[in-house]
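# What the coordinates show
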Amino acid sequence: MTMPSARSKGSLPLQINQGSATHRSLQGLGLAVLVGLAFMGSMTNSFQVGLLTQALIYASAIAGLNLVTGYTGMLSIGHSAFFGIGAYTTGILVSEHNWNPLLTFIVSFLICFVFGLIVGLPALRIRGINLALVTLALAVAFPELIDRFPGLTGGTLGLNVNLTQLLPPHWTGIGIQNRFEYYYWIAAVVLALVLVLCSNLTRGRTGLAMRATRDRETAATAVGINLAWIKVYTFGISAAITGVAGSAFAMYLGSLSADSSFTLILSITLITGLVIGGVATVVGPIVGGLAVIYIPHWTEGLRQGQTEGLFFGTILIILMFVMPDGLMGLLKRMSRFVVQIKPRAPEGPSAASEELLVGSDLNANPDSEGKGDTTLALS
Amino acid sequence: MQVFLEYLFAGISNGAIYAALALAIVMVFRGTGTINFAQGEMALFTTYIAWGLTTKNVPVVLCLLVATAAGFVLGAVTERVFIRPIERKSLLATLIVLLGLFLALNSLDGILWGNQNYTMPSLFPNSVSSFVSVGGARLYWANLGLWIVVAVLVGAMFQLFNHTRLGLHMRATASNRESAALSGIPVGRILMLGWGFSAAVGAIAGILFTPLSPDALGLGEMFPILIQASAAALFGGLDSPGGAVAAGLLMGIVEALLSGYVPAIGGQLQEAIAFVAIVLVLLVRPQGLFGSKEVERV
Amino acid sequence: MSLLEITDLRGGYGPSMVLHGISLTVNEGEIVVVLGANGAGKTTTMRAIAGLISRKGAISLDGLSIIGMNPDKVVGAGISLVPQGRGTFAKLSVEDNLLVGAAKRRDRAGIKEDLERWYEVFPRLAERKKQPAGTLSGGEQQMLAIARALMNRPRLLLCDEPSLGLAPIVVREVFSLLTRINAEQTMAMLIVEQNAELALEIASRAYLLEVGNVVSEGTAASLRNSDAVRRAYLGY
Ligand SMILES: Nc1ncnc2c1ncn2[C@@H]1O[C@H](COP(=O)(O)OP(=O)(O)OP(=O)(O)O)[C@@H](O)[C@H]1O
Ligand SMILES: [Mg+2]
């Protein structure tokens, strides 16, 4: 579980102190590579740029879901609705009220935050499986609700935003024919901001409280944090992030139809991406976003309509068995053989405590276990 | 009066199906502590099997038996292969596997049977004239037959739970798995049986429900019913078979009357409304109407 | 040959080992007690015998190896465990709890007979037959747990801290019942107990466990007189 800590210098794994110059420069290098990749992505042909844009948007949405499901352990099957609410917020504000599309992102964030809080509220009393069902109902109801208010949303006909309202502004120097490049950069910037927000959130006290909510065992370490409200708050932030991803999606697509874009299937796709990339990791959502876009694309030759669902369903099951931490979890574990970052401060709930949980007992009934410490031999 | 009765009959039929599926959900929940998201898709899968057999001129009753057996095997195998190894890890992992199963089964149905809708032949006389008149309203044999079969099925399940040795062992396993093992109950086998029975009940529900209207056997047809049934199970209390059956019936009737008299509410919005109502109930009584306190799991 | 023979038993929870090679025996009709501080591994030993956790080494009942068996098979072989904390089926009635205890038996008449016998021995259970077990008092639940295990007609009864949480007078009652059952049914017993004084009184032999090892063993009398046991467990 834990690596032998005393190793001679020079041999693998390399020991690096957190916050040291080496660590900083490694981080810098990683960032530079990412930015470089982003630029390379923008220079591919417009079809590729489109795919990449979708992947980045999904990555943001998955990052939002990761907060609730990955870090806090509450399965949400309702994030398709938040994504949809964000998308429709942008769609309506731009097409009906002539807003600058980018400004609508902020509104989406706020609206979805409030919706997230409302959906998260039952979490104060309803837990686990019941909460999953409530979010499921949300996913099912959302397209139906959109269709019920055609005046506002365009109903089953969908909502089309005039292309001229979505064009890149002059200062970007991007012309009409390259407008997908503009959406690509928006998606990339949104994703970068989202990841920074998520990594900050999950690192500090809030992150500790989230994980404490997930693994009851470590709850003791979070004394003084109101775990109940953490759930609601996490739901809010998580929904807000996914909502902003929805806004970016609306810009990219320009036409919205709830029945095809924001159904339960989207929720399952987001969950699949999360699981492939790795729950409770910061970079996992990027991998997940790329996977859920590119896997169906690459396997297009094989599939005839339904095969994609069979494929993703099977992947979900297999991953939970053989790679429950996803690709990033796997990479993380393997990278430990090469580089170890020694934390500055004492770690929060560590991987070790999670593994203990896995190995724990089959019995869940409280009345049969451990009051063992109440009597003492010495009298 | 006549209109009311017709709404009522339709409501009882839907309610009977919700009740049967809610019972299936409760059976899995009591054993494993999770909701089987794939319950509806399992029922759909077995209904397709039955339909496939009817196209080969196999008598419907025989199709029902084969599909029920297939459902039983499907449920038992699912428990053994997909659930048992993952269940110890976490509830989240289990739910994700079940979502995967949901997706995979539905797509498999599509691959095997295509995505057009079919009409499932009924077990009972099902022509336009096969009805009895009750207070001026038409009560079709298909509906009446469905009520009777579901009533017998539910009765048999309660008999099994409460008056047989196997039922006692199932209840003991649901109450405390470790103590059950320590008393000599083969817990694994009991869980498999529970999932098997659950899926078999679902299979019967599917075969009874789909013939009620033409073209009702399709890829998207079972999921909304599962949603209603889980809402009913939540409402009645996830660990209470009696509560689930009562809530299922109630939900079917209320829904039929509401959408009959208040046409603005219909389609899937109904599900949303049902759920909102149930969430409100759960906020007051998290264990459901008839459930017991300890059901609430983290 | 002894009824229960354990040699070099090792086991634990996942990666963490708790038992580091326990050896002990219980003879036919004998009461043996296991003493040890909190966390010494007493419960773990019992769970390992019952098959609830993965274990290595050798365990045999009357010559039959039970090391690889699932819990229900161990019960079938003739070993019943009354777990620490009782583990009653809270929602089931008292009578149903007892019937579950007979899960491995097929003889209806014999089951009925035993039911009556244990109702006689534990009259308070008879009075509460139809009541959900969760509504019984702690002492009544302990008796129910013992009676449930007895319904299996075990050859060896394992009891994990039967006195836990009970009033002194009830503890005496439980222990005198155990002695009586041991004598009447010639049923061997392996009892884990914190109340060393009382346990050594009814046992013929005892083992002392420390961090997963047997550190001392002998007749009850000799352990009662050993300084280590006296200081740590008897308090004088
Ligand atoms: N489910 C478990 N998972 C991990 N470790 C456990 C588990 N149960 C017990 N342990 C550990 O095993 C060791 C022995 O525990 P055990 O319950 O056998 O002690 P005991 O002697 O019965 O103590 P007590 O007198 O308190 O009942 C302890 O260190 C305990 O922390
Ligand atoms: Mg103990």
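Residues numbered from 1 in each chain as written. Chains lettered and ligands numbered in written order. Predicted model: local features only at pLDDT ≥ 70, side-chain atom pairs only at ≥ 80, totals over all residues. Heavy atoms only, no water.

### Points about the overall build of chain C
Looking only at helices and strands, one finds 10 helices and 10 strands in chain C. A compact globule built from 236 residues should have a C-alpha radius of gyration of about 18 Å, and chain C, at 17 Å, falls within 12% of that. Burial status across chain C gives 58% buried among its 236 residues. Contacts spanning at least 24 positions in sequence make up 67% of the contacts within chain C whose residues lie at least 6 apart. Carbon together with sulfur atoms contributes 51% to the accessible area of chain C, which is approximately 9,200 Å² in total. Where the 27 positive side-chain charges of chain C centre and where its 25 negative ones centre are 5 Å apart. (Helix = DSSP H or I, 4+ residues; strand = E, 2+ residues; numbered from the N terminus. Rg over C-alpha atoms; globule rule 2.2 N^0.38 Å. Buried < 20%, exposed > 50% of the residue type's maximum accessible area, 1.4 Å probe, protein only. Contact = heavy atoms within 4.5 Å. Areas by Shrake-Rupley, 256 points an atom, 1.4 Å probe, with all protein chains shown as cover. Lys, Arg positive; Asp, Glu negative; His and termini not counted. Charge placed at Lys NZ, Arg CZ, Asp CG, Glu CD.)

### Regarding the overall build of chain A
Across its full length, chain A carries 15 helices and four strands. Here the analysis covers contacts within chain A between residues at least 6 apart in sequence; of these, 78% occur between residues at least 24 apart.

### Quick notes on the coordination of the magnesium ion (ligand 2)
All names here are of chain C. Within the protein, the atoms that donate to the magnesium ion (ligand 2) are Thr43 (OG1) and Gln84 (OE1), at distances of 1.8 to 2.1 Å. Linking Thr43 in helix α1 (residues 42-50) with Gln84 in the loop between β6 (79-82) and α3 (94-101), this pair joins segments that are 41 residues apart in sequence. Gln84 gets classed as buried once you look at its relative accessible area, which sits at 13%. (Donors = N, O, S within 2.8 Å, 3.2 Å for Na, K, Ca; no water.)

### Some points on the packing of aromatic side chains
Enumeration according to the criterion identifies 22 aromatic pairs over all chains in this entry. Relative to Phe262(A), the ring of Phe83(A) has its centre 6.0 Å away and its plane inclined at 55°; by these criteria the two rings are tilted. With Phe83(A) in helix α3 (residues 79-97) and Phe262(A) in the loop between α10 (258-261) and α11 (264-277), the pair connects residues that are 179 residues apart, well separated along the chain. Like Phe262(A), Phe83(A) is buried. Geometrically, the ring pair formed by Tyr7(B) and Tyr261(B) is edge-to-face, given 5.1 Å between the ring centres and 85° between the ring planes. Of the two residues, Tyr7(B) sits in helix α1 (residues 2-32) while Tyr261(B) sits in helix α10 (residues 241-261), which places them 254 residues apart along the sequence. Taking relative accessible area as the criterion, Tyr261(B) reaches 49% and is therefore assigned partly exposed. In this structure, Arg117(C) packs its charged tip against the face of Trp118(C), placed 5.9 Å from the ring centre. (Phe/Tyr/Trp six-rings, centres within 6.5 Å; stacked < 30°, edge-to-face > 60°. Lys NZ or Arg CZ within 6 Å of the ring centre and 35° of its normal.)

### Overview of the sheet that holds strand β2 (residues 16-26) of chain C
Strand order in the open sheet formed by four strands is β2-β1-β4-β5 (chain C), with antiparallel pairing between adjacent strands. Both edges of this open sheet fall to β2 and β5 (64-65) of chain C, since each of them pairs with a single strand only. (Pairing = 2+ DSSP bridges.)

### Considering the confidence of the model for chain A
Residue and element names in this part refer to chain A. Mean pLDDT over chain A: 79, with 82% of residues reaching 70 or higher. At the level of individual helices and strands, chain A shows its lowest average pLDDT in helix α15 (residues 351-358), which scores 34, and its highest in α3, which scores 95. Considering only residues more than four positions removed or in separate chains, one finds that residues 1-9, a stretch of pLDDT under 50, has nine contacts. Within the model, pLDDT remains below 50 along residues 346-379, and this stretch shows 50 contacts once partners closer than five positions in the same chain are excluded. (pLDDT = per-residue confidence, 0-100.)

### Focus: the side chain of Arg86(C)
Residue and element names in this part refer to chain C. With respect to the element layout, Arg86 can be found in the loop between β6 and α3. A distance of 3.4 Å separates a polar side-chain atom of Arg86 from the backbone oxygen of Gly138. Setting aside chain neighbours within four positions, we find Arg86 in contact with Gly138, Gln141, Gln142, Ala145, Arg148, Leu164 and Leu166. (Polar contact = N/O pair within 3.5 Å; in protein donor to acceptor, adjacent residues only side chain to side chain.)

### Observations concerning the environment of Leu270(A)
All names here are of chain A. Here Leu270 shows up in helix α11. Between the C-alpha atoms of Leu270 and Ile62, which are 208 residues apart in sequence, the distance is 5.6 Å. Once residues lying within four places of it in the same chain are set aside, the contact partners of Leu270 are Tyr58, Ala61, Ile62, Leu65 and His79.

### Thoughts on the sheet that holds strand β7 (residues 156-160) of chain C
Sheet strands pair via backbone hydrogen bonds, and the direction of the pair is either parallel or antiparallel. Residues and elements named next belong to chain C. Spatially, six strands are ordered β6-β7-β8-β3-β9-β10 in an open sheet, and the strand pairing comes out mixed. Each edge of the open sheet carries a strand with a single partner, namely β6 and β10 (213-219). Here the average twist between neighbouring strands, direction ignored, is 15°. Taken strand by strand, helix α6 (residues 138-150) contacts β6 and β7, and its axis lies near 170° from that of β6. (Axes fitted to C-alpha atoms, helices over the stretch in contact; angles between N-to-C directions.)

### Considerations on α1(B)
Given 3.6 residues to a turn, an α-helix orients residues that are three or four positions apart in the same direction. Taking 1.5 Å of rise per residue, the 31 residues of α1(B) would be expected to cover 45 Å, and the 45 Å separating its terminal C-alpha atoms lies within 8% of that figure. Within α1(B), 22 of the 31 residues are buried, which leaves the element mostly enclosed by the surrounding structure. (Expected span 1.5 Å × (residues − 1).)

### So, the nonpolar core
Counting residues in each nonpolar core, the largest one holds 193 residues, and the members touching the most others are Ile57(A), Tyr58(A), Leu75(A), Phe83(A), Tyr88(A), Phe262(A) and Phe37(B). Among the elements that make up this core, the one with the highest residue count is α1(B) (16 residues). Those residues in contact with Leu75(A), other than ones at most four positions away along the chain, are Thr69(A), Ala132(A), Thr135(A), Ile271(A), Phe37(B), Leu92(B), Leu95(B) and Ile96(B). Core analysis: the second largest hydrophobic core is formed by 49 residues, Ala149(C), Val170(C), Leu178(C) and Ile181(C) among them. (Core = buried A, V, L, I, M, F, W, Y, C linked by side-chain atoms within 4.5 Å.)

### Some remarks on the site of ligand 1
Taken together, 16 residues form the shell around ligand 1, and within it Gly39(C), Lys42(C), Thr43(C), Thr44(C) and Gln194(C) come nearest. In this structure ligand 1 sits where residues from chains A and C come together. Between an oxygen atom of ligand 1 and a side-chain N or O atom of Asn38(C), the distance comes to 2.9 Å. Within the side chain of Thr44(C), a nitrogen or oxygen atom sits 2.4 Å from an oxygen atom of ligand 1. Burial of ligand 1 by the protein chains amounts to 68% of its free accessible area of 640 Å². For the shell around ligand 1, the leading source of residues is α1(C), giving three residues. In the shell around ligand 1, the residues fall into four nonpolar, eight polar and four charged. (Near = heavy atom within 4 Å. Nonpolar A, V, L, I, M, F, W, Y, C, P; charged D, E, K, R; others polar.)

### Comments concerning the environment of Val201(B)
All names here are of chain B. By the element assignment, Val201 lies in helix α8 (residues 187-209). The exposure class of Val201 is buried, given its relative accessible area of 2%. Each C-alpha atom of the pair Val201 and Leu23 lies 8.2 Å from the other, and the pair is 178 residues apart in sequence. Contact partners of Val201, with chain neighbours within four places excluded, come to Ala20, Ala24, Leu153 and Met157.

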